[in-house]
Amino acid sequence: MKYHFINLLLLFILTPSFGQENKDAAFYIDSLGNISEEVNYKFIRTVKEYYVEKKEYQFSEYYKSGQVALTGTTKDRDRIRLDGTAVTFYENGTKKQISNYNDSHLEGKQFQWYDNGVLQFEKDITFDKIKNESVEKLLQYWDSNNSHQIIDGNGTYAALIENDSEGIEHKNSVYEKGEIKNGYKHGVWNGNSSHPKITFQEEYENGKLITGTSTDDNNIQYTYTEVRQKPTPKTGINDFYKYVGRNFKTPNIQGLSGKIYLTFIVDLEGKLVETKIIRDIGFGTGAEALRIIKEAKNWIPGKIRGIPIRFFYALPITVKVP
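In this text, all values refer to a predicted model and were calculated from it rather than measured experimentally. (Residues numbered from 1 in each chain as written. Predicted model: local features only at pLDDT ≥ 70, side-chain atom pairs only at ≥ 80, totals over all residues. Heavy atoms only, no water.)

Caption draft 1: Focus on the overall build of the protein chain. What the protein chain contains, in helices and strands, is 4 helices and 25 strands. At 22 Å, the protein chain has a C-alpha radius of gyration in line with the 20 Å of a compact globule built from 322 residues. Each principal axis of the C-alpha distribution contributes one length, and for the protein chain these read about 65 × 50 × 35 Å. Considering the protein chain as a whole, with its 322 residues, one finds that 43% of them fall into the buried category. Surface exposure of the protein chain reaches about 17900 Å², of which carbon and sulfur atoms provide 49%. The positive charge centre, built from 42 side chains, and the negative charge centre, built from 42, are 4 Å apart in the protein chain. (Helix = DSSP H or I, 4+ residues; strand = E, 2+ residues; numbered from the N terminus. Rg over C-alpha atoms; globule rule 2.2 N^0.38 Å. Buried < 20%, exposed > 50% of the residue type's maximum accessible area, 1.4 Å probe, protein only. Areas by Shrake-Rupley, 256 points an atom, 1.4 Å probe, with all protein chains shown as cover. Lys, Arg positive; Asp, Glu negative; His and termini not counted. Charge placed at Lys NZ, Arg CZ, Asp CG, Glu CD.)

Written out as C-alpha cells, the structure reads:
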C-alpha cells in the first residue's frame, strides 16, 4: 500500500497538468526542507489545493516509506511558512513533536517525545520581535531513562541532541550540560559537537549567552557571543533581493510566469558556490538565474560557536510577463 501511495505522489510531480486538475501538488524535498531533485530527495511534500490562491495551505511530508513525517499549515505554498500547530512523527509512526507557530515563528507550548512514546520535554516559547528570534523556556525534561531532570523549570540538564538548524549543511550532534534556572540556561555550560567538531564552554545569565569559547581539533580557540550566525550579504538581505530583481533578464515571452528554484552554498569565505537549478520554467530562465548568482558579491560567512562553516541557501525567483 505504501508503494502505491509513493507512486501516486510521483505521478503528481511528473505530470503537473494532472496535479493542477486536482488542485493538489507534490514535490521532492531534501533533508533541509527545500525542493529537491529526485536523486537527492528525502521526503515527498503534498500541498492541498496548491493551484488555488489562498492565504493558507494544508500540507504533509512523507518519508520514502510512505509514513507521514510532518503535517501542518503554511502561508506560502512554495516555501513553508508554518502557522498554527505542526506535528512531526518518527518513521516508526510514533509522534515526535507538537509545536505552535505564528507566521513561521515558534510561539507557545512545545512538546517532544522519544521514539518509544515517552515524553521528553515541555517548553514554553515566546517570540522576541526586537531580536527577531524565539526564546525557549524549558519547563520539564526527562532523560532517555525517564529520569525527571528538569522540574518546573529548575534542575541540571544533560543531553545529546540532533541539531537540524535551518541552512546548516550537515546534521550536528550536540552534547551539553548545565543548570536550568526558572526555565533558562544559567551559569557555566560545557559541551561538544560533531559539526563543527569542537568542545565548548559557555556562560549564561537567565538564558542570555554572555560569552562562549570553542576549541577545535587543532586546539585553536574561538570566542563568541552568539551560538549561531547565519551568513548574510554585506549590504543586507534586502539589497541582495534587489540585486536579483534588477539584474535578472526576463525573456520577452508573453504570458510567461512561474517560479525558478535554485540552491547554493555560502562557503567559509562567503563565496556563493555549488549553485544548482532545482526547477525552472524554460526559455533560458535557469541559466539566467545561475548567472546572477555567479556574479553576486561575497557574503559574510556563517558561523557556529565562532567557527565559520558552510551554509546551504535556497532561493525562489518569481517570473511574470504580462
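Caption draft 2: Quick look at the packing of aromatic side chains. Tallied over the entire structure, the rule returns 14 aromatic pairs. Where Phe240 meets Tyr241, the ring centres are 6.2 Å apart and the plane angle is 50°; that geometry is what we call tilted. Judged by its relative accessible area of 4%, Phe240 is buried. Aromatic ring contacts, followed pair by pair, group Phe240, Tyr241, Tyr243, Phe264, Trp299 and Tyr313 into a single cluster. The aromatic ring of Tyr50 is capped on one face by Arg77, whose charged end is 5.4 Å from the ring centroid. When the ring centre of Phe121 is taken as reference, the NZ or CZ atom of Lys123 above it lies at 4.4 Å. (Phe/Tyr/Trp six-rings, centres within 6.5 Å; stacked < 30°, edge-to-face > 60°. Lys NZ or Arg CZ within 6 Å of the ring centre and 35° of its normal.)

Caption draft 3: Structural detail: the sheet that holds strand S18 (residues 228-229). Across the sheet, which stays open at both edges, the 3 strands sit in the order S18-S23-S24 with antiparallel pairing between neighbours. The open sheet is flanked by S18 and strand S24 (307-309), the only strands paired with a single partner. The sheet contact formed by S18 and strand S23 (residues 302-304) spans 2 bridges and is antiparallel. When the bridges of S23 are listed, Arg228 appears paired with Ile304. (Pairing = 2+ DSSP bridges.)

Caption draft 4: Molecular detail of the nonpolar core. Phe240, Phe264, Leu272, Ile293, Leu315 and Ile317 are the most contacted members of the largest nonpolar core, which totals 20 residues. Among the secondary structure elements, those contributing two or more residues to this core are helix H3 (237-247), strand S20 (257-266), helix H4 (285-294) and strand S25 (311-320). Ala25, Ile29, Ala69 and Ile278 belong to the second largest nonpolar core, which has 19 residues in total. (Core = buried A, V, L, I, M, F, W, Y, C linked by side-chain atoms within 4.5 Å.)

Caption draft 5: Representation of the packing of H3 against H4 within the structure. Contact geometry for H3 and H4: axes closest at 10 Å, N-to-C directions at 135°. In terms of axis orientation, H3 runs oblique to H4. The crossing of H3 and H4 is right-handed. Along its contact with H3, which presents Phe240, Tyr243, Val244 and Asn247, the element H4 presents Glu288, Arg291, Ile292 and Ile293. Grouping the constituent residues of the contact of H3 with H4 by class yields 5 nonpolar, 1 polar and 2 charged. (Axes fitted to C-alpha atoms, helices over the stretch in contact; angles between N-to-C directions. Parallel < 35°, antiparallel > 145°, perpendicular 65-115°, else oblique. Left-handed = near helix turned anticlockwise from the far one by under 90°. Contact = heavy atoms within 4.5 Å. Nonpolar A, V, L, I, M, F, W, Y, C, P; charged D, E, K, R; others polar.)

Caption draft 6: Quick peek at the pattern of salt bridges. Following the criterion strictly, the structure yields 15 salt bridges and no others. The salt bridge partner of Lys109 is Glu122, with a shortest N-O separation of 3.0 Å. Taken together, the residues Lys109 in strand S8 (residues 108-113) and Glu122 in strand S9 (residues 119-128) connect sequence positions 13 residues apart. Among the residues examined, Lys109 registers a relative accessible area of 34% and is labelled partly exposed. For Glu122, a relative accessible area of 17% translates into the label buried. A single salt-bridge network, built from bridges that share partners, covers Glu176, Lys185, Glu202 and Arg305. (Salt bridge = Lys/Arg side-chain N within 4 Å of Asp/Glu carboxyl O.)

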